[in-house]
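Coordinate analysis (summary)
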Amino acid sequence: MSNPNAPVMATDRARATDRDRTARRAGLASFIGTTVEWYDFYIYSTASALILGKVFFGAGGGTTGALEAFGSLWLGFLARPIGGIVFGHLGDRIGRKKTLVTTLLMMGIATTLIGLLPGYDQVGVAAPTALVLLRMVQGIAVGGEWGGAVLIASEHAPKAKALSFGAFAQQGSPAGSILATGMFALLTQLPDDDFDAWGWRVPFLFSAVMVVIGLVVRLKVEESPEFARLREEKRVARVPLRELVTRHPGSLALGVLASSIGIAATYFITTFVLSWSTGSLGMERSTMLNVLLVYSVFQFFTQPFGVVLAGRFGPGRTVTALLGLNFLLVPVMYACVSTAQPVVVGIGICLVGITGAMNYAILAGLLAAAFPVSVRYTGISLSYQLCSALIGGTAPLVGEWLLRWAGGSIVPVVIYQMALVAVSLTCSLALLRRSRTA
């Protein structure tokens, strides 16, 4: 006897299959788009440690040039909250997809133009001025990108899987780092004169190719269903920033501080440690770039286990374990790096970096759960980008200053990084408690 409910059940299964397929496509688009964005952002970080001071600041690559290059790096971070506000507003008003296409184009154009800029010896002060302006465009673009990429993935996902789908966007960070570090590792095999003259430009120019790939994938993704429903019900916030600041200031403040080490750790490792090891410790830059490349690969494959552990043991316990271990391992990392032995250096970096990366995988979902849909893009973007400007982007600059203030001793840098871990742990747990009771 036939089942009268069979056609309905078949239709429901087909719809569920379509939803799963759409969610996976959104996750892939989020990953590829953020990979392109972070590649563009990270090549500047690597270049600032290796070459930008010499080319653009007329300092011959000395101490002053390094500080100026790190200062220009920070200016990109200062611009990120602007991107978070502008594109957060647009993302909460007109939609996630259109906003993400715009940020990807902005980033690609700015990065490619950096690769075409003449140096200080050719045009004088116009060179660093143009560099800084383009770096700020990069900052505005990535400031609007990250929050939208997290939401386009997590809001397409089944509710029970929002945390794990948000981690798709987080995978773009190690993937972009692998590409950026790998590109520079290859190019540092060139003779120094060739690398200084044109080799460093290749990663910036290659951005144009990557942006085309990112756009092709991203344009095929549908708008977030949660935002589409919000728009249909005419519940879109008129001024998302005002609603965020007046109604959710506590979640915003906790979101900024909870992000501290998740953002700063990358720049301690890929920028400050790179500069310290190839400068004060005398390591070959090609060797250190290979170490960082190996670390980035480890990070890429181990980072997703953060959300796996969170699903098994709960976000609170997982964050506590990961950041507690990370806190204890920070001095171990710097002790390992100080040996200047590549294998030992790599082990130290991986121990700290991987525990921090698994926590970073959880961060996107943690922030997304802290804000309602109507201000979610603005909320998570501003949390992440304010932290980037105030804490993450200053990590190499503060580290370099502390190192010189202490006469070459690394101890103050170690203490500072450990303090950021403690702040992140405390505020992450507070944000989780607030989200559960919201």
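So, a few notes on the structure that sits alongside this text. (Residues numbered from 1 in each chain as written. Predicted model: local features only at pLDDT ≥ 70, side-chain atom pairs only at ≥ 80, totals over all residues. Heavy atoms only, no water.)

1. Considerations on the overall build of the chain
Spelled out, the test is: Numbering of helices and strands starts at the N terminus; helices are DSSP runs of H or I of at least 4 residues and strands are runs of E of at least 2. As defined in this context, the radius of gyration uses C-alpha atoms, and a globule is described by 2.2 Å times the residue total to the power 0.38. The buried label applies to any residue whose accessible area, calculated with a 1.4 Å probe on protein chains only, is under 20% of its type's maximum; exposed applies above 50%, and partly exposed to all values in between. Throughout, a contact is declared for two residues whenever any of their heavy atoms are within 4.5 Å. Where accessible areas are quoted, they stem from the Shrake-Rupley method and a 1.4 Å probe; at the residue level, only the protein chains shown are allowed to cover. For the charge count, each Lys or Arg is scored as positive and each Asp or Glu as negative, with His and the chain ends excluded. To locate a charge, the coordinates of NZ of Lys, CZ of Arg, CG of Asp or CD of Glu are taken.
The number of helices and strands found in the chain is 20 helices and zero strands. Taking 438 residues into account, the globule formula puts the C-alpha radius of gyration at 22 Å, and the chain, at 22 Å, falls close to it. The dimensions of the chain, computed from C-alpha atoms along their principal axes, are 80 × 50 × 45 Å. Burial status across the chain gives 58% buried among its 438 residues. Here the contacts in the chain between residues at least 6 apart in sequence split such that 84% fall between residues at least 24 apart. Surface accessibility of the chain: about 17,400 Å² in total, with carbon and sulfur atoms responsible for 67%. In the chain, which carries 33 positive and 22 negative side-chain charges, the distance between the mean positions of the two groups comes to 12 Å.

2. Examining the nonpolar core
Quick note on the threshold: Remark: nonpolar core denotes a set of buried residues (Ala, Val, Leu, Ile, Met, Phe, Trp, Tyr, Cys) joined through side-chain atoms within 4.5 Å.
Membership of the largest hydrophobic core comes to 121 residues, with the highest contact counts inside it found for Tyr334 and Ile349. Beyond its immediate sequence surroundings of up to four residues, Ile349 is in contact with Ile269, Val273, Met288, Val291, Leu292, Tyr295, Met333 and Val337.

3. Here's the deal with the side chain of Arg96
Condition: For this analysis, a polar contact is any N or O atom pair within 3.5 Å, provided that within protein one partner can donate a hydrogen and the other can accept it, and provided that sequence-adjacent residues contribute only side-chain to side-chain pairs.
Tracing the backbone through its elements, the reader meets Arg96 in helix H4 (residues 96–114). The class for Arg96 is buried, based on a relative accessible area of 0%. Engagement of the side chain of Arg96 in a polar contact is seen with the backbone oxygen of Gly91, the distance being 3.0 Å. At a separation of 3.0 Å, a polar atom in the side chain of Arg96 contacts the side chain of Asp92. With near-sequence residues (within four places) excluded, Arg96 lies in contact with Gly91, Leu151, Ile152, Glu155, Glu223, Ser224, Phe227, Val373, Arg376 and Tyr377.

4. Looking at a nonpolar patch on the surface
The cut-off we apply is this: For patch building, the residue pool is restricted to those with more than 30% relative accessible area and no salt bridge; the joining distance is 9 Å between like charges and 5 Å between nonpolar side chains (Val, Leu, Ile, Met, Phe, Trp, Tyr). Take a side-chain nitrogen of Lys or Arg and a carboxyl oxygen of Asp or Glu: if they are within 4 Å of each other, that pair is a salt bridge.
Residues Ile82, Ile85, Val86, Leu90 and Ile94 make up a contiguous nonpolar surface patch of roughly 350 Å² in combined accessible area. Within the secondary structure, Ile82 sits in helix H3 (residues 63–93). Among the residues examined, Ile82 registers a relative accessible area of 42% and is labelled partly exposed.

5. Topic: the environment of Val345
By the element assignment, Val345 lies in helix H17 (residues 342–368). Of the residues examined, Val345 reaches a relative accessible area of 0% and is grouped as buried. The spatial distance from the C-alpha of Val345 to the C-alpha of Ser296 is 14 Å, given a sequence separation of 49 residues. Leaving out residues up to four positions away in the same chain, Val345 has contacts with Met283, Met288, Val291, Cys336, Val337, Thr339 and Ala340.

6. Observations concerning the pattern of salt bridges
All told, the structure shown has five salt bridges when counted by the stated rule. In this structure, Arg96 and Asp92 form a salt bridge, with 3.0 Å as the shortest nitrogen-oxygen distance. Two residues, Glu400 and Arg404, come together in a salt bridge whose shortest N-O distance is 2.4 Å. Note that Glu400 and Arg404 are positioned in helix H19 (residues 395–405) at a spacing of four residues, about one turn of the helix.

7. Some remarks on the side chain of Thr46
In this structure, Thr46 sits in helix H1 (residues 6–50). With a relative accessible area of 5%, Thr46 lands in the buried category. Discounting residues that sit within four places of it in the chain, Thr46 has contacts with Phe184, Leu274 and Leu289.

8. Quick notes on the environment of Gly53
Tracing the sequence through the fold places Gly53 in helix H2 (residues 52–56). Residue classification places Gly53 among the buried positions, given a relative accessible area of 6%. Between the C-alpha atom of Gly53 and that of Arg25, which follows or precedes it by 28 residues, the distance is 41 Å.

9. Considerations on the packing of aromatic side chains
Where we set the bar: Pairing of aromatic rings covers Phe, Tyr and Trp, the last through its six-membered ring, and needs centres within 6.5 Å; plane angles under 30 degrees mean stacked, over 60 mean edge-to-face, and all others mean tilted. Criterion for a charge above a ring: Lys NZ or Arg CZ within 6 Å of the ring centre, and within 35 degrees of the ring normal.
This model, assessed by the stated rule, comprises 13 aromatic pairs. Ring geometry for Trp200 and Phe204: centres 5.7 Å apart, planes at 80°, overall edge-to-face. Residue Trp200 shares its accessibility class with Phe204, and that shared class is buried. Both rings, one in Phe272 and one in Trp276, keep their centres 6.3 Å apart while their planes meet at 10°; by these two values the pair is stacked. Linking Phe272 with Trp276, this pair stays in helix H13 (residues 260–278), spanning four residues, or about one helical turn. On the basis of relative accessibility, which here comes to 6%, the residue Trp276 falls in the buried class. Put simply, the rings of Phe31, Phe300 and Phe301 touch in pairs and so form one group of aromatic residues. Residue placement shows Arg312 over the ring face of Phe313; its charged tip is 5.0 Å from the ring centre.

10. What to know about the environment of Gln170
Mapped onto the elements, Gln170 comes out in helix H7 (residues 162–187). Not counting the four nearest positions on each side in its chain, Gln170 is found in contact with Trp146, Gln303, Tyr360, Ala361, Leu363 and Ala364. Among the polar contacts listed, one links the side chain of Gln170 to the backbone oxygen of Tyr360, at a separation of 2.6 Å.

11. Here we look at the packing of H13 against helix H16 (residues 315–338)
Rule in force here: Structural elements are reduced to axes, namely lines fitted to C-alpha atoms, with helices fitted over the stretch in contact, and the angle between N-to-C directions of any two is expressed from 0 to 180 degrees. When an angle is under 35 degrees it counts as roughly parallel; over 145 it counts as roughly antiparallel; between 65 and 115 it counts as roughly perpendicular; any other value is oblique. Under the scheme applied here, ten amino acids are nonpolar (Ala, Val, Leu, Ile, Met, Phe, Trp, Tyr, Cys and Pro), four are charged (Asp, Glu, Lys and Arg), and all others, including Gly, are polar.
Put simply, H13 and H16 touch, their axes get as near as 12 Å, and they point 5° apart. Overall, the two elements H13 and H16 adopt an arrangement that is roughly parallel. Across from Ile261, Phe268, Ile269, Phe272, Val273, Trp276 and Ser277 in H13, the residues of H16 making contact are Leu323, Asn326, Met333, Tyr334, Val337 and Ser338. Its residues placed into classes, the contact of H13 with H16 shows 10 nonpolar, three polar and no charged.

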